[in-house]
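Structure assessment
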Amino acid sequence: MIEAEVHLSLHNFLRSQSGFPSWPHHLTMARLVARALRLGRSALIQVGAVSGYQGRYRTSFVASALMWHGPVIIVAPEAVQQRLLQVEIPRLQPWLPANKPIRTGEVWPGSDFQGLLLTSPQAWLKGQFASGDSFPPGIPTIIDGVDDLEDWVRVQLTRNITPHDWDQLMLACPDKADMIRSARAQLTRGLFQHPVNPYECYLISPLEQKILCDLYEQISYVKTLTKPWQYFGPQFYNREENMPLSSLLWATIERRQGWFSLHSAPIELGKSLAPIWLRQPVVLVGSALEPETEAPLFRERLGLNEVTCLKFSNETQGTAIQLYVPHKLPLPNTPEFQAAFIHKVRTLVCLSATAPGLTVVLVGDVPLKAQVGAILASEFGSRVQVEKTCLDDNGILISGWEFWRSHQSVLPAPHLLIIATLPLPSLESPLVAGRVAYYKRSHQDWFRLFLLPAALNELQRAIAPVRESQGIVALLDSRVVNRSYGAQVLAVLSPLARINYLDPSMFSHRHEENSG
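Cut-offs and rules
- Residues numbered from 1 in each chain as written.
- Predicted model: local features only at pLDDT ≥ 70, side-chain atom pairs only at ≥ 80, totals over all residues.
- Heavy atoms only, no water.
- Pairing = 2+ DSSP bridges.
- Helix = DSSP H or I, 4+ residues; strand = E, 2+ residues; numbered from the N terminus.
- Axes fitted to C-alpha atoms, helices over the stretch in contact; angles between N-to-C directions.
- Contact = heavy atoms within 4.5 Å.
- Phe/Tyr/Trp six-rings, centres within 6.5 Å; stacked < 30°, edge-to-face > 60°.
- Buried < 20%, exposed > 50% of the residue type's maximum accessible area, 1.4 Å probe, protein only.
- Domains from an automatic or database assignment.
- Buried area = accessible area lost by both parts, 1.4 Å probe.
- Salt bridge = Lys/Arg side-chain N within 4 Å of Asp/Glu carboxyl O.
- Polar contact = N/O pair within 3.5 Å; in protein donor to acceptor, adjacent residues only side chain to side chain.
- UniProt positions renumbered as here; feature names shortened; annotations may be inferred.
- Parallel < 35°, antiparallel > 145°, perpendicular 65-115°, else oblique.
- Nonpolar A, V, L, I, M, F, W, Y, C, P; charged D, E, K, R; others polar.
- Left-handed = near helix turned anticlockwise from the far one by under 90°.

Let's talk about the sheet that holds strand E1 (residues 43–46)
Spatial ordering of the open sheet is given by E3-E4-E2-E5-E10-E1-E11, a layout of 7 strands whose pairing is parallel. Two strands close off the open sheet at either side, each with one partner strand: strand E3 (102–104) and strand E11 (308–311). Between one strand and the next, the sheet's axes are offset by a mean angle of 15°, whatever the strand orientation. Taken together, the 4 bridges between strand E5 (residues 141–144) and strand E10 (residues 282–286) define a ladder with parallel strand orientation. Looking at E10, one finds that Ile143 is bridged to Leu284. Contacting E1, E5, E10 and E11, helix H2 (residues 26–39) crosses the sheet at an angle of about 170° to E11.

Notes on the packing of aromatic side chains
Geometry of an aromatic ring pair is reported as the spacing of the ring centres plus the angle between the planes. Counted under the stated rule, the structure contains 10 aromatic pairs. The interplanar angle of 65° and the centroid separation of 6.4 Å between the aromatic rings of Trp23 and Tyr57 together place this pair among those described as edge-to-face. Taken together, the positions of Trp23 in the loop between helix H1 (2–16) and H2 and Tyr57 in the loop between helix H3 (49–54) and helix H4 (58–67) put the pair 34 residues apart, joining distant regions of the chain. This pair shows no difference in class: Trp23 is buried, exactly as Tyr57 is. Ring centres of Tyr439 and Phe450 lie 6.0 Å apart, and the angle between their planes is 20°; this geometry places the pair in the stacked category. Here the residue Tyr439 occupies a position in helix H17 (residues 430–441), and Phe450 occupies one in helix H18 (residues 446–469), the gap between them amounting to 11 residues. Of the two residues, Tyr439 and Phe450, both sit in the buried class.

Looking at the domain arrangement of the protein chain
Along its sequence, the protein chain is carved into domain 1 (2–140 + 280–311), domain 2 (158–266) and domain 3 (317–507). Relative to domain 3, the C-alpha centre of domain 2 lies at a distance of 38 Å. Residue-level contacts link 10 residues of domain 2 with 12 residues of domain 3. Of the roughly 860 Å² buried where domain 2 meets domain 3, counting both sides, 78% is carbon and sulfur surface. Summed over the shared surface of domain 2 and domain 3, the number is 0 salt bridges. At the boundary of domain 2 with domain 3, the tally comes to 0 residue pairs in polar contact (both at pLDDT 80 or more).

Digging into helix H6 (residues 121–129)
Where H6 is concerned, the buried positions are Pro121, Ala123, Trp124, Leu125, Gly127 and Gln128. Buried-residue contacts for H6 involve strand E2 (72–75), strand E4 (116–119), E5, helix H7 (149–157) and helix H12 (270–279).

Focus: the pairing of E10
By the criterion of burial, E10 is predominantly enclosed, with 5 of the 5 residues buried. Here E10 shows a buried face lined by Val282, Leu284 and Gly286 and a second buried face lined by Val283 and Val285. Of the strand pairs in this sheet, E1 and E10 are connected by 4 bridges, and their pairing is parallel. If you follow Ala43 over to E10, its bridge partner there is Val283.

Observations regarding the pattern of salt bridges
This model, assessed by the stated rule, comprises 17 salt bridges. Here Glu294 makes a salt bridge to Arg299, at a shortest N to O gap of 3.6 Å. For Glu294, a relative accessible area of 42% gives the class partly exposed. One network of salt bridges, with partners in common, ties together Arg83, Glu88 and Arg91.

Topic: the UniProt feature "domain: ATP-dependent helicase C-terminal" (unreviewed entry) in the protein chain
According to UniProt, the feature "domain: ATP-dependent helicase C-terminal" (unreviewed entry) maps to residues 416–494 in the numbering used here. The distance from the first to the last C-alpha atom of residues 416–494 is 17 Å, and the span holds 61% helix and 10% strand.

Things to note about the packing of H6 against H12
Taken N-terminus to C-terminus, the directions of H6 and H12 make an angle of 95°; their axes are 10 Å apart at the nearest point. The angle between H6 and H12 falls in the class roughly perpendicular. Touching Trp124, Gln128 and Phe129 of H6 are Ser272, Leu273, Ile276, Trp277 and Arg279, all from H12. Of the residues that constitute the contact of H6 with H12, the class distribution is 5 nonpolar, 2 polar and 1 charged.

Description of the packing of H6 against H7
The N-to-C vectors of H6 and H7 enclose an angle of 55°; their axes lie 10 Å apart at closest approach. Classified by the angle their axes make, H6 and H7 are oblique. Our pair here, H6 against H7, has a crossing hand that is right-handed. Between H6, through Pro121, Gln122, Leu125, Lys126 and Phe129, and H7, the contact on the second element is made entirely by Trp152, Val153, Gln156 and Leu157. Split by residue class, the contact of H6 with H7 holds 6 nonpolar, 2 polar and 1 charged.

Here it is as structure tokens:
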């Protein structure tokens, strides 16, 4: 069977790699992927946050894909594709009894192609949601990095109305041009009266929905409407009174130019995705989706029903972090928090000044991030950079969560990671507030189903590089010790050693270890 063949070939390869960083679960994962390919049964694999950051697990599924006798698709971001093409595949090929052709592209190469195709999440999802045959059904598909799958899908399903689309609408409906101009002016006036927020986006209010609804009622008869208007209009028009919207409707604005764009995306993705999982067997690989092996919340959100689930245990050896969580820091939603947080950051940076290595300060609050950057730069000079990748050896990076997630693979592993608050999605973001409102209308536990799982996933991925450097994490959010869900936070951060006080020796000890 393919499982035994993959096991033997991969085992021989791993034994040959004396200097190759090992991963203890290669053979188990390779056998599961091979089994999924043979049986045509979908699987969901969680490899762990550290393994997800390091990417070593990819050797396993690449070996299975190369040895499978039929065609296979690997869906992965461009950077991962290049790693597979330049490192993983060439290193494996001499050890595998297979000579499978390999291609990259945004569509399936042809009906007679029996090789391995590498494609991007954007291209694969576009093909799945389109009615064409970019990717024929029945081809086993491995999707890598599914921690970000919800974001990929939501971006793919978002419909937009740009300033250019208004001009196109007036050309398509010349007899309604005055009414279209009037609706556009009303929306501009209403949207630009919203208070400024750091996200420059706003949920579309009931009054703004009414303007759009009245407009669409006048133009819906036009057969030559452009696609953006065909897609967008039915989201808010012709629905039953008092029925909650199934889509998130929001606007982004460019204040200097006086422009706005409208956006619509489904709140629930499962209904859109469920038919896709039936077209072909899929192996979904993520790092730290949920504490439970079965990942029930993730599967429900993505419409995944019958799948084989596997979660690899944390590698405890050499991956423990030292975790400092102060008990008496003010809560993040109090006026006293900002000053106390900045004081604690300065203390930590000063204590670690003699230790070599990168310091990262993660701040989700946009105004606070800029303020921390300015204060630290006035004291520590050019060592401090706000969301830049060109850093000194002992640099101090001030970053938001998204920037850190996107760039941590190209930056040195920090010896000190300071976290302002738990990465709970902010209710100040209109998109988060819109999803929370939907959960509330549906009488669902929006914190347990949405905010907390998102925070736990983000947190595990953020600290993964610190595990590699055996560094220190300072989590300056006292909700970890004052709220009932703090126990779940500490559980996903394990293995760890708690630090209850600050002492220069904890940094000098690491410095001596590194020097030795």
